[in-house]
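Architecture and fold: a report
The residues making up each chain are set out below.
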Amino acid sequence: MREQNKIRPFLKWPGGKYRLIEQIHAVLPQGRQLVEPFVGGGAIFLNTRFENYLLNDANADLIKLYQILQREGCHFVDYCRKYFVKKFNSEKQYYRLRAKFNESSDPLKRSALFLYLNRHGYNGLCRYNAGKGEFNVPFGRYIRPYFPENEMLLFYEKAKRVTFVCEDFKKTMKRAKKGSVIYCDPPYVPLNTTTAHFTAYRAGGFSLNQQRELAVLANKLANKGIPVLLSNHSNDFTQQIYQGALISEFNVQRFISCKVKERRAVLELLALYPNINLPSC
């Protein structure tokens with residue numbers, strides 16, 4: 001079941017599913033619990049009505065932010081507000097605060113700065129360098145970055161039914177039980193698997209072998225009575241690894257590349273490994 005009014009995530013998240021909620025709801029099975037091994041910006045969690053949620057992401061900064069907002073609520077919102085003032089919206093201040101984020105071990109400050117970087121950095125990207133694993137997204141040059149107060153408070157209310165974890169996606173999927181539904185939105189495979197594209201939303205990336213492992217595990221869980229729905233690019237590689245799933249395709253306009261000519265519609269898919277004992281929405 002979906003929420004009556006769409007709820008927008010408070011983070012900017014490239015590849016987020018806010019614009020695809022209708023397509024996903026059309027094939028997302030019913031159940032008591034929604035499990036998301038790659039929660040990202042949380043658009044699907046925010047716009048569904050399950051009894052409870054198990055939400056994971058390999059990005060520790062993202063999950064820590066969610067956990068602190070879940071625990072602190074409006075107090076954390078007020079703490080973050082101080083970074084959304086004119087004096088911090090400059091290239092000099094951005095790089096100073098980015099350095100503080102990379103140096104900090106304080107969970108509260110680091111989470112608030114993660115939100116600041118998300119809203120002030122280029123295109124809302126979340127990217128870490130391969131060496132030290134430091135956040136390295138450049139300044140976004142926005143006139144007045146939006147402070148998502150209302151969206152954060154809505155997230156806080158919704159998060160009362162959530163368990164957040166930061167672990168390997170396979171461990172999260174194996175936590176699912178009868179009555180669970182799994183929605184997987186992994187870092188997408190490159191449109192051309194012979195060409196390197198952006199996937200490093202966390203240090204370490206997500207390999208093609210991991211894509212295969214995900215597909216195999218989805219099939220195994222569906223055979224045990226736990227339906228799994230996956231999102232990804234549609235190409236020869238995904239069509240091959242998702243053999244046996246029910247596949248639907250559609251075009252999506254994506255805006256990640258800084259090159260205008262590469263900002264184009266791409267073919268995506270939803271692959272459903274169904275449990276025949278559960279009806280679809």
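See the structure printed just above.
Quantities reported herein were computed from a predicted structural model and do not represent experimental measurements.

**Some remarks on the packing of helix α4 (residues 74-81) against helix α7 (residues 149-158)**
In the contact formed by α4 and α7, the axes pass within 10 Å of each other and the chain directions differ by 155°. The angle between α4 and α7 places the two elements in the roughly antiparallel class. With respect to the hand of their crossing, α4 and α7 are arranged in right-handed fashion. Contact with α4, carried on its side by Cys74, Phe76, Val77, Cys80 and Arg81, involves Glu149, Met152 and Leu153 of α7 and no other residues of that element.

**Considerations on the packing of aromatic side chains**
Per the counting criterion, the structure on display carries 20 aromatic pairs. Pairwise contacts between aromatic rings join Phe10, Phe45, Phe50, Tyr53, Tyr66, Phe155 and Phe164 into one cluster. Positioned above the aromatic ring of Tyr18 is the side chain of Lys6, whose terminal nitrogen or guanidinium carbon lies 4.3 Å from the ring centre. When the ring centre of Phe101 is taken as reference, the NZ or CZ atom of Arg110 above it lies at 4.1 Å.

**A closer look at unusual backbone geometry**
One non-glycine residue, Asn123, lies in positive phi territory at about 60°. Tracing the backbone through its elements, the reader meets Asn123 in the loop between α6 (107-120) and α7. In this structure, Arg141 is a non-glycine residue whose phi angle is positive, near 60°. In this structure, Arg141 sits in the loop between α6 and α7.

Scoring rules and cut-offs
Residues numbered from 1 in each chain as written. Predicted model: local features only at pLDDT ≥ 70, side-chain atom pairs only at ≥ 80, totals over all residues. Heavy atoms only, no water. Axes fitted to C-alpha atoms, helices over the stretch in contact; angles between N-to-C directions. Helix = DSSP H or I, 4+ residues; strand = E, 2+ residues; numbered from the N terminus. Parallel < 35°, antiparallel > 145°, perpendicular 65-115°, else oblique. Left-handed = near helix turned anticlockwise from the far one by under 90°. Contact = heavy atoms within 4.5 Å. Phe/Tyr/Trp six-rings, centres within 6.5 Å; stacked < 30°, edge-to-face > 60°. Lys NZ or Arg CZ within 6 Å of the ring centre and 35° of its normal.

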